[in-house]
Amino acid sequence: MEVSYYPGCSLEGTAIEYGESTQAICRALGVHLKELPDWSCCGASSAHVTSDYLSVALPAKDLEQAEKIGLDLIIPCAACYQRVKVAEKELQSDHRPEGITFSPKGNIHIMHLADFIWDCVGEKQIVSRMKKKLEGLSPVCYYGCLTSRPPKITDAKNPDNPQSMDEIMLALGADVRNWSYKTDCCGGSLQFTRLDVAKRLMQKLFDMAIEAGANCIVVGCPMCHGNLDWRQKEIAEDSGNQYDLPIYYFTELMGLAYGEIDTMKWLGKHMVESKALLQSKGLL
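How each quantity is defined
- Throughout, a residue's number is its position along its own chain's written sequence, starting from 1.
- Where local features are concerned, this predicted model is filtered to residues with pLDDT of at least 70; where side-chain atom pairs are given and counted, the filter is 80 or more; whole-chain, interface and lining totals use all residues.
- Side-chain descriptors were evaluated using all non-hydrogen atoms of the structure, hydrogens and water having been removed beforehand.
- Here, a salt bridge means any side-chain nitrogen of Lys or Arg that lies within 4 Å of a carboxyl oxygen of Asp or Glu.
- For helices the rule is a DSSP run of H or I covering at least 4 residues; for strands it is a run of E covering at least 2, with both sets numbered from the N terminus onward.
- Each pair of strands is called paired provided DSSP finds at least two bridges between the two strands.
- Fitting a line to C-alpha atoms yields each axis, with helices limited to the stretch in contact; the angle taken between N-to-C directions then spans 0 to 180 degrees.
- The contact rule is simple, with two residues in contact once any of their heavy atoms fall within 4.5 Å.

Visitor: Now, about the pattern of salt bridges: what can you tell me, with residues and values included?
Guide: Taken as a whole and assessed by the stated rule, the structure comprises 13 salt bridges. The residue K61 makes a salt bridge to D38 at a minimum N-O spacing of 3.8 Å. Of the two residues, K61 sits in helix α2 (residues 52-69) while D38 sits in the loop between β2 (32-35) and α2, which places them 23 residues apart along the sequence. Salt-bridge contacts for D155 lead to K85; the nearest nitrogen and oxygen are separated by 2.7 Å. In this pair, D155 sits in the loop between α6 (151-154) and α7 (164-171) while K85 sits in helix α3 (residues 78-91), placing the two residues 70 residues apart along the sequence.

In structure tokens, the structure reads:
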């Protein structure tokens, strides 16, 4: 199976473990990722708060490349996914920004990586590559704001209760916990402008994950991972609570289940200790 692939800036920088684990599991699943040639930043989040034109023009360039290739476009980063979907909708509407001549033909599907793996690769293939079950892990899957909402942009099938990461983790043997906060906001870039607000939002997620009986949080967004991983110790100290909740990219746990040799390297890039839980469950 061959698809177009837009990594975005984070997966080659601060979230390189997400990028590398994405490449590894796709190879294991027989998916060839055809990276867009000469791709550029999608503009998240600086462009869409400063320039309506740039907020569409930047992702439109990448969307145009994808349509020329003619393969469905897979995007792991939730923010990049959202911006490309926004550009697609804007350029198909009557209120497109002036000066952009490209008009999407709609001949490709734009999909977040988790949705693609579950809906298109499928459970049978996912399970067939498994070398060890993720037994002992009790994650809550956290999707954040951008992959499913607003549904008129994302075309999400179930915007209030997305399921793709839950289903992938269940298929690989994890004891996935139900909770009502999987699409609540983590504060996003507010950590740079209103850290007090972002901390309150993040603490609620930690508290609710613990209440659900989770021992880790699984994500598919570099911003969500960054916020929950980087700020967890600080929030624990401020609140007097003890969390110790590793934040895993779902692709890292898939790589672990598939016996990928680089799993330890990926986990070593996290701020919250992420190996001890896996070792205690006999997974490392």
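Visitor: Break down the sheet that holds strand β3 (residues 73-75) for me, with residues and values.
Guide: Judged by pairing direction, the sheet is parallel, and its four strands sit side by side in the order β2-β1-β3-β4 without closing on themselves. For this open sheet the edge positions go to β2 and β4 (110-112), each flanked by a neighbour on one side alone. This sheet shows a mean twist of 40° between the axes of neighbouring strands, independent of strand direction. Where strand β1 (residues 2-5) and β3 come together, two bridges link them in parallel fashion. By the bridge assignment, S4 is partnered in β3 with L73. Across the face of the sheet, α3 comes into contact with β3 and β4 while running at roughly 160° to β4. In this fold helix α4 (residues 113-121) packs onto β1, β3 and β4, with an angle of close to 95° to the strand it touches most, β4.

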